[in-house]
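Reading the structure
Given next are the chains, with one letter for each unit.
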Amino acid sequence: MQRHYHSKGSYLVESYAKEHQESAFSAKQIMDYAKEQNVNINTATIYRNLEKMASEGMLLKTKGQESDSVFYQFVSEHVDCHNHLHARCRNCGKILHLEHDTCEMFFEHMMKKYNFTIEADMTTICGLCEDCRKRA
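Residues numbered from 1 in each chain as written. Predicted model: local features only at pLDDT ≥ 70, side-chain atom pairs only at ≥ 80, totals over all residues. Heavy atoms only, no water.

1. Quick look at the overall build of the protein
- Secondary structure assignment for the protein yields five helices and five strands.
- Shown N-terminal to C-terminal, the secondary structure of the protein runs as helices and strands in the order α-α-α-β-β-β-β-α-β-α.
- Within the span of the protein, comprising 136 residues, buried residues form 35% of the whole.
- Put simply, 50% of the contacts in the protein that link residues at least 6 apart link residues at least 24 apart.
- When the accessible surface of the protein is summed, it comes to about 9,200 Å², and 49% of that surface belongs to carbon and sulfur atoms. (Helix = DSSP H or I, 4+ residues; strand = E, 2+ residues; numbered from the N terminus. Buried < 20%, exposed > 50% of the residue type's maximum accessible area, 1.4 Å probe, protein only. Contact = heavy atoms within 4.5 Å. Areas by Shrake-Rupley, 256 points an atom, 1.4 Å probe, with all protein chains shown as cover.)

And the structure:
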């Protein structure tokens, strides 16, 4: 039986990701959470664990539209996250999983009109969710 080594840092990153499944989050948010929990963890450890989880398919990794920030999203609840688009609220970080029919029509349109293939797991549409629009 092979045993896998799990550090306190890897447990912290994984538990944070699971607790925030419906929102995009950043490495900085995990660092802030670690401080709140009085866990001493360095930034490199957080990034290393996030990259490992992304390479294993546990997280989707997307780049923010407004900056060079990178956001992550836990995908276990939505196994097919790599094949549909997501919409992320730029205010609260809430993630919406767009319906497959809508995505397929968009993918086909982009291919026919522009000869362009969409990489769904690298694409996030940004805007404001209903709750944030009401508060604005």
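Now that the structure has been shown, we can carry on.
2. Re the sheet that holds strand β4 (residues 95–97)
- One open sheet holds the three strands; their spatial order is β4-β3-β5, and the pairing between them is mixed. Edge positions in the open sheet fall to β4 and β5 (124–127), since each of these has one partner strand only. If you compare each strand with its neighbour and ignore which way they point, the axes differ by 25 degrees on average.
- Inspection of the sheet shows strand β3 (residues 86–89) paired to β5 by four bridges, in the parallel sense. Paired with Cys89 across the bridge in β5 is Gly127. (Pairing = 2+ DSSP bridges. Axes fitted to C-alpha atoms, helices over the stretch in contact; angles between N-to-C directions.)

3. Examining unusual backbone geometry
- Backbone geometry at Asn38 places phi at a positive 60 degrees, although glycine is not the residue there.
- Tracing the backbone through its elements, the reader meets Asn38 in the loop between α2 (27–36) and α3 (43–55).
- We classify Asn38 as exposed; its relative accessible area is 72%.
- Although it is not a glycine, Asn115 adopts a positive phi angle of roughly 50 degrees.
- Relative to the helices and strands, Asn115 resides in the loop between α4 (100–114) and β5.

4. Examining α2
- Buried within α2 are the following residues: Ala27, Ile30, Met31, Tyr33 and Ala34. Around the axis of α2, the buried residues are gathered within 160 degrees of arc, so they sit on the same side. Counted as exposed and oriented over 90 degrees from the buried face of α2: Lys28, Lys35 and Glu36.
- Tucked inside the fold, the buried residues of α2 contact α1 (8–19) and α3.
- Of the residues one or two after α2, Asn38 is the one with positive phi, at around 60 degrees. (Arc of directions from axis to C-beta.)

5. Describing the packing of aromatic side chains
- Throughout the structure, instances matching the rule amount to three aromatic pairs.
- Aromatic pair Tyr16 and Phe25: ring centres 5.4 Å apart, planes at 80 degrees, arrangement edge-to-face.
- Owing to a relative accessible area of 6%, Tyr16 belongs among the buried residues under this scheme.
- Ring pairs connect the aromatic residues Tyr16, Phe25, Tyr33 and Tyr72, which therefore count as one cluster.
- Its guanidinium or amino end placed over the ring of Phe71, Arg88 lies 4.2 Å from that ring's centre, counting from NZ or CZ. (Phe/Tyr/Trp six-rings, centres within 6.5 Å; stacked < 30°, edge-to-face > 60°. Lys NZ or Arg CZ within 6 Å of the ring centre and 35° of its normal.)

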